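Descriptive analysis of the structure
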Amino acid sequence: MGARSYYVYILASRIGGTLYIGRDNDLVRRVYQHKIRRREALPKITNVNRLVYFECFDEVEAAIQREKRLKKWPRHGKLR
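The paragraphs below set out a description of the structure included in this document. Note that the coordinates shown come from a computational prediction; the quantities given were computed from them, not determined experimentally.

A short note on the pairing of strand E2 (residues 19–24)
Of the pairings in the sheet, the one linking strand E1 (residues 6–12) to E2 comprises six bridges and is antiparallel in character. Residue pairing for E2: Leu 11 is matched across the bridge by Tyr 20. Counted between consecutive antiparallel strands, the loop separating E1 from E2 contains six residues, among which Gly 16 sits at a positive phi close to 80 degrees.

Comments concerning the pattern of salt bridges
Evaluation of the coordinates by the stated rule reveals six salt bridges. Among the salt bridges present, the one from Asp 24 reaches Arg 29, with a minimum N-O distance of 2.7 Å. A salt bridge links Glu 55 to Arg 66; the shortest N-O distance between them is 2.8 Å. Residue Glu 55 is found in strand E3 (residues 50–57), and its partner Arg 66 is found in helix H2 (residues 60–72); the two are separated by 11 residues along the sequence. Residue Glu 55 is classed as buried on the basis of its relative accessible area of 16%.

So, the side chain of Ser 13
With respect to the helices and strands, the residue Ser 13 is situated in the loop between E1 and E2. When its relative accessible area of 13% is taken as the criterion, Ser 13 is described as buried. In this structure the side chain of Ser 13 is engaged in a polar contact, spanning 2.9 Å, whose partner is the backbone nitrogen of Thr 18.

Description of the nonpolar core
One finds Tyr 6, Val 8, Ile 10, Ile 21, Phe 57, Ala 63 and Leu 70 forming the largest nonpolar core, which totals seven residues. Secondary-structure elements contributing two or more residues to this core are E1 and H2.

What counts as what
- Residues numbered from 1 in each chain as written.
- Predicted model: local features only at pLDDT ≥ 70, side-chain atom pairs only at ≥ 80, totals over all residues.
- Heavy atoms only, no water.
- Pairing = 2+ DSSP bridges.
- Helix = DSSP H or I, 4+ residues; strand = E, 2+ residues; numbered from the N terminus.
- Salt bridge = Lys/Arg side-chain N within 4 Å of Asp/Glu carboxyl O.
- Buried < 20%, exposed > 50% of the residue type's maximum accessible area, 1.4 Å probe, protein only.
- Polar contact = N/O pair within 3.5 Å; in protein donor to acceptor, adjacent residues only side chain to side chain.
- Core = buried A, V, L, I, M, F, W, Y, C linked by side-chain atoms within 4.5 Å.

Next up, the structure:
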């Protein structure tokens, strides 16, 4: 079985718009789901479908910790 990668990503609706931070093991599939709004929760997050940042991790625990840290950052930190 091959090694698995985990991604922490930031999506944006537009410049100065809504930001969304998430984590997944298939970044391409996840961004595609945001673009077509396939999941039940996604209609609540309107037009947040532009990938603006991502990081890759070998271990899911590291990705979870990074996601939690990013979510605690103030908005101006996320924009930088």
